[in-house]
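# Inside the fold
The chain contents come next:
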2 protein chains.
Amino acid sequence: MIENDIFKALADPTRYVIFEKLAAGSMNASALREGMTISQPAMSQHLAVLRNAGLVREQRQGRFVNYEVDPDGLALIAHWLTKYRAYWPSRVDALKTLLKDMDQ
Amino acid sequence: MIENDIFKALADPTRYVIFEKLAAGSMNASALREGMTISQPAMSQHLAVLRNAGLVREQRQGRFVNYEVDPDGLALIAHWLTKYRAYWPSRVDALKTLLKDMDQ
DNA sequence: GCAAGACATAAGCATAGACTTATGTGATGC
DNA sequence: GCATCACATAAGTCTATGCTTATGTCTTGC
């Protein structure tokens, strides 16, 4: 279950912040730590989780590792969402009416 | 951070299954337990988490409580996704469909 | 009223996972 | 070669949370 890894990765507040930072622009691990009170190993571990979930990908540049948002992860969420189009708001009213009619 | 509750709620495999079951059709808590080896309190607790996250809503019917997918929760995820449009690969068909449906 | 059913809440336990410090690995520069 | 930097991995600790049993609350049917 791939989606589960994605949700688990984004469920942690610290990782969520890291992901948002990367979404604003790709960065290496040290740069990501700036402004956050987090140890270097913790950052490394969080990035590994995000990477394994497919939300982030790395790119070695000498002794730096540049991290960036991986579109594939976002695509998976989007694809997952399409499974529930029946429940999307634009159709909610029609659905509500339908359900109400069916109940009686 | 509302999204965090949503991701946290879906990160648990058991809750994910419950959500999928409800997406296939609204049910009461007892019906949800069928086919799952899970205690009644555990189910009740999971449903509370899903409800607090806005993913599921309840509807009292006598001594039964009918649970159903709350479109608001899915709408929040969809809205969250739009923040990352810049990263969406144009080639992904699922995304195209999603965008088209959401923009109208 | 009272028993039984459907669900929620309480309290305690046990594991997952987020953190730490310490150490390892690979690249760069002198 | 060797010191240093950027990052990964290891190992241990502590807290969050998912589970259990026990009990409470509300509703229905007799």
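Contact with chain B, which involves 37 residues of that partner, is made by 36 residues of chain A. Between chain B and chain A, roughly 3,200 Å² of surface is buried when both sides are summed, and carbon and sulfur atoms account for 70% of that area. When the buried area of chain B at its contact with chain A is split by residue, B:Phe7, B:Tyr16 and B:Tyr87 rank highest and sum to 20% of it. Inspection of the region where chain B meets chain A yields two salt bridges. With a closest N to O distance of 3.2 Å, A:Lys83 and B:Glu20 form a salt bridge. Along the contact surface separating chain B from chain A lie nine residue pairs in polar contact (both at pLDDT 80 or more). Class assignment for the residues of the side of chain B that touches chain A results in 25 nonpolar, three polar and nine charged.

Turning to the protein's contact with DNA strand D, a few remarks are in order. Residues in contact with DNA strand D amount to 22 residues; listed here are only the nearest, A:Ser30, A:Ser44, A:Tyr67, B:Ser39 and B:His46. Each atom of DNA strand D within 4 Å of the protein was classed as base or backbone; sugar and phosphate made up 61%. The backbone of A:Ala29 places a nitrogen or oxygen atom 3.2 Å from a phosphate oxygen of DNA strand D. Contact distances for DNA strand D include 3.5 Å between a phosphate oxygen and a side-chain N or O atom of B:Thr14. Mapped by element, the contributors of at least two residues to the surface near DNA strand D are helix H3 (29-33), helix H4 (40-52) and strand E3 (64-69) of chain A together with helix H2 (13-24) and helix H4 (40-52) of chain B. Along the lines of polarity and charge, the residues of the surface near DNA strand D split into seven nonpolar, 10 polar and five charged.

Applying the stated criterion across every chain yields a total of 13 aromatic pairs over all chains. Between A:Phe7 and B:Tyr16, the aromatic rings sit 6.3 Å apart at their centres with planes inclined by 45°, giving tilted as the arrangement. One end of the pair, A:Phe7, is in helix H1 (residues 2-11); the other, B:Tyr16, is in helix H2, on a second chain. Residue class for A:Phe7 comes out buried when judged on its relative accessible area of 1%. Assessed through its relative accessible area of 2%, B:Tyr16 is described here as buried.

Here is what the cut-offs are and how they apply
- Residues numbered from 1 in each chain as written.
- Chains lettered and ligands numbered in written order.
- Predicted model: local features only at pLDDT ≥ 70, side-chain atom pairs only at ≥ 80, totals over all residues.
- Heavy atoms only, no water.
- Contact = heavy atoms within 4.5 Å.
- Buried area = accessible area lost by both parts, 1.4 Å probe.
- Salt bridge = Lys/Arg side-chain N within 4 Å of Asp/Glu carboxyl O.
- Polar contact = N/O pair within 3.5 Å; in protein donor to acceptor, adjacent residues only side chain to side chain.
- Nonpolar A, V, L, I, M, F, W, Y, C, P; charged D, E, K, R; others polar.
- Near = heavy atom within 4 Å.
- Helix = DSSP H or I, 4+ residues; strand = E, 2+ residues; numbered from the N terminus.
- Phe/Tyr/Trp six-rings, centres within 6.5 Å; stacked < 30°, edge-to-face > 60°.
- Buried < 20%, exposed > 50% of the residue type's maximum accessible area, 1.4 Å probe, protein only.

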